[in-house]
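# Structure at a glance
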Amino acid sequence: KHQKQYSLHCGHILGLTAILYIPIGIFASKGLAPLFASAIVFCLLQQIYKNRKFPNISGPIFYALLILVGWSLVSCLWSITPDETLKTGVTLSITFLGGSILFSIGKSFGQQEKKVLQNGLLFGGFLGFTLIAIEFTTDAWLARFLYLSLALLKNPDVPSYSTFIFSVYGDSTPVMNSGMAATALFFFPWALVLKERFPLKLFFPTIIVGAILIFFTYADAVKLSFAVGLIILLAAFYKPRWIPKVLGLVITIGILTAPLIPGLFPNPLEPNKNLEWFSPSSAHRILIWKNTVSHIKQKVLLGSGLDATRGLYSSKDRVQYNFPSSLSNKAAYQIMYEPIPLHPHNAVLQLWLELGAVGALIGLGILLTILRYIKHKILLRLDQALSFGMFTTTLSLACISFGIWQGWWLSSILLSTTYFISILRTPVEKNSSEIGGPKGLDPTRYGDWERKGRAIDF
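Residues numbered from 1 in each chain as written. Predicted model: local features only at pLDDT ≥ 70, side-chain atom pairs only at ≥ 80, totals over all residues. Heavy atoms only, no water.

## Brief notes about helix H2 (residues 32–51)
As a reminder, the rule being used: Helical segments are the DSSP runs of H or I of at least four residues, strand segments are the runs of E of at least two, and each set is numbered from the N terminus. A helix is expected to reach a length of 1.5 Å times the quantity of its residues less one. Throughout, exposure labels follow a simple rule: accessible area from a 1.4 Å probe, protein chains only, divided by the maximum for the residue type, with under 20% read as buried, over 50% as exposed, and the rest as partly exposed. Along the arc lie the directions from the helix axis toward the C-beta atoms. By definition, residues are in contact when any of their heavy atoms lie within 4.5 Å.
Taking 1.5 Å of rise per residue, the 20 residues of H2 would be expected to cover 28 Å, and the 28 Å separating its terminal C-alpha atoms lies within 8% of that figure. Of all the residues in H2, the buried ones are Leu32, Leu35, Phe36, Ala39, Ile40, Cys43, Leu44, Gln46 and Gln47. All buried residues of H2 fall inside an arc of 165° around its axis, so they share one side. Seen from the open side of H2, the exposed residues pointing more than 90 degrees away from its buried face are Leu45 and Tyr49. In this structure, the buried side of H2 is in contact with helix H1 (10–27), helix H4 (82–107), helix H7 (177–197) and helix H14 (407–423). Two residues or fewer after H2 comes arginine 52, characterised by a positive phi angle close to 60°.

If you want it as structure tokens, here you go:
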């Protein structure tokens, strides 16, 4: 008798991580790194047990990442912080290897694995956006409760009124900033599943609510990057041939001229009517970028070494900055920070600073390789448009916000990309009335394989 068997596969594993992705992101964003690591370990063990071999991780993107890791490790030879460079280089190697493993596993998914992962993405999206809505309407009540509970466990004498949370002008939702950035990436594979599973009359209102909740976030960087991603998504859907070329050109020019761009901005420490367009946080970023360029000029070709930015300054080097009242038409204010606090808040400038012009060119090669993959390997228009939107959102966030080597940030990027790769749809070829060569029945002289790479004649 045939008995239906149920076995654990990687669709279950990644589906579970998809359910946990947003809740972990908004309440403990650093937890995305162990979530990513767990996905790698369990998926790898399952694949080895099932197939008795290591997943095939070859491909142009993998080789491009391998070159970046190799150059990063070589930078130990001239790094100003060789120990940190080696430590971060090894961690980066493991991270990219793990991501490549998940990509390979995801590409091999059959319909059963895809369906299970889709279920996880659907449930994770609804759960996550529900929690986000609750937090926005209650001033992050759940987060404040969790933080206070953890604080009380560590120290029972903590005052009950203390929230132990990052609050800005009485608003506690900024604690979700990192998680909302991760959610902005999750939005794109979630949208693809919604489109495939839901009718249009349910798809559109659901996706609009999700997008609106992302725009409610406190972080302007997330809002701007997500908006740019949505614009590219729509443009790629209606003009699929132009967007890869435009993105490739903009990225190439942007990376090659990155050290020159901060000099085009006004000095945020001097009164200037142009500062009315900048928020205090954006003005501080411009100041950081200008300080970064001064270090890039010192070692343009090779850089200061991977993750050497952390070694440039310490708390002893903090400087008091006095911002003028012309900034966003607000009252003048003062802050104390290191000239570059931990990282430049710009992935491209960080590549230039730490890995030099060589590292910047390698980074450019990685981005162009990804664009080429999207253009030639993702064939359905909606899937391709969503992938361009996700790519642009990720790159935009990396260029105005987090440190490029932060574990939770890389984990959110690689996990979201894994979800997207795993659920990509396969185009169905239309039936053709032609049964032989290009113009009729003549399989001995002609064949569709000569034109379309098929061998249906043989």
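## Things to note about the packing of helix H10 (residues 242–256) against helix H13 (residues 381–400)
Here is the rule: Fitted lines through C-alpha atoms give the axes, limited to the stretch in contact for helices. The angle between two N-to-C directions lies from 0 to 180 degrees. We call two directions roughly parallel when the angle between them is under 35 degrees, roughly antiparallel when it is over 145, roughly perpendicular when it lies between 65 and 115, and oblique otherwise. Whether a crossing is left-handed or right-handed is set by the direction in which the near helix is turned from the far one by less than a right angle, anticlockwise for left-handed and clockwise for right-handed. Residue classes follow a fixed rule: Ala, Val, Leu, Ile, Met, Phe, Trp, Tyr, Cys and Pro count as nonpolar, while Asp, Glu, Lys and Arg count as charged, and any other residue, Gly among them, counts as polar.
It is at 12 Å that the axes of H10 and H13 come closest, and there the two elements cross at 15°. On the basis of their axis angle, the class for H10 and H13 is roughly parallel. Taken as a pair, H10 and H13 cross one another with a handedness that is left-handed. Counted together, Ile243, Pro244, Leu247 and Ile251 of H10 and Phe388, Phe391, Thr392 and Leu395 of H13 form the full contact between these two elements. For the contact of H10 with H13, the per-class residue count stands at seven nonpolar, one polar and no charged.

## A short note on the environment of phenylalanine 215
Topologically, phenylalanine 215 is positioned in helix H8 (residues 200–215). If we ignore the near neighbours within four places in the chain, the residues touching phenylalanine 215 are Lys223, Phe226, Ala227 and Leu230.

## Topic: the pattern of salt bridges
Note the following rule: We define a salt bridge as a side-chain nitrogen of Lys or Arg found within 4 Å of a carboxyl oxygen belonging to Asp or Glu.
Evaluated as defined, the whole model comprises four salt bridges. Between lysine 50 and glutamate 113 there is a salt bridge; the shortest N-O distance is 3.9 Å. On the criterion of sequence distance, the pair formed by lysine 50 in helix H2 and glutamate 113 in helix H5 (residues 111–137) is long-range, its members being 63 residues apart. Across the pair aspartate 307 and arginine 310 runs a salt bridge whose closest N-O atoms are separated by 3.5 Å.

## As for the confidence of the model for the protein chain
Our working definition: Each residue gets a pLDDT score, which is the predictor's confidence in that residue and runs from 0 to 100.
Overall, the prediction assigns the protein chain a mean pLDDT of 87, with 86% of residues at 70 or greater. Contacts from residues 430–458, a stretch scored under 50 in pLDDT, to residues over four places away or in other chains number 30 contacts.

## As for the environment of leucine 65
Position of leucine 65 among the secondary structure elements: in helix H3 (residues 60–74). Judged by relative accessible area, leucine 65 falls into the buried class, the value being 11%. Separated by 31 residues in the primary sequence, leucine 65 and phenylalanine 96 place their C-alpha atoms 7.1 Å from one another. Sequence-distant contacts of leucine 65, that is, excluding residues within four places in its chain, are made with Phe96, Ser100 and Ile366.

## Observations regarding the side chain of serine 225
By secondary structure assignment, the location of serine 225 is in helix H9 (residues 220–238). Filtering out sequence-adjacent residues up to four positions away, serine 225 remains in contact with Thr393, Ser396, Leu397 and Ile400.

## What to know about the packing of aromatic side chains
As a reminder of what qualifies: Each Phe, Tyr or Trp ring (for Trp, its six-membered ring) is paired with any other whose centre lies within 6.5 Å, and the angle between the two planes then decides the class: stacked below 30 degrees, edge-to-face above 60, tilted in between. Criterion for a charge above a ring: Arg CZ or Lys NZ at most 6 Å from the ring centre, at most 35 degrees from the ring normal.
For the structure on display, the rule yields 21 aromatic pairs. Here phenylalanine 136 and phenylalanine 216 contribute two aromatic rings whose centre-to-centre distance is 6.2 Å and whose plane-to-plane angle is 45°, an arrangement assigned as tilted. One end of the pair, phenylalanine 136, is in helix H5; the other, phenylalanine 216, is in the loop between H8 and H9, with 80 residues separating them in the sequence. In this structure an aromatic cluster arises from ring pairing among Phe126, Phe129, Phe187, Phe188, Trp190, Phe198, Phe215 and Phe226. Note that lysine 245 overlies the ring of tryptophan 242, its terminal NZ or CZ placed 5.8 Å from the centroid. Looking at arginine 381, its charged tip hangs above the ring of phenylalanine 237, at a distance of 5.9 Å from the centre.

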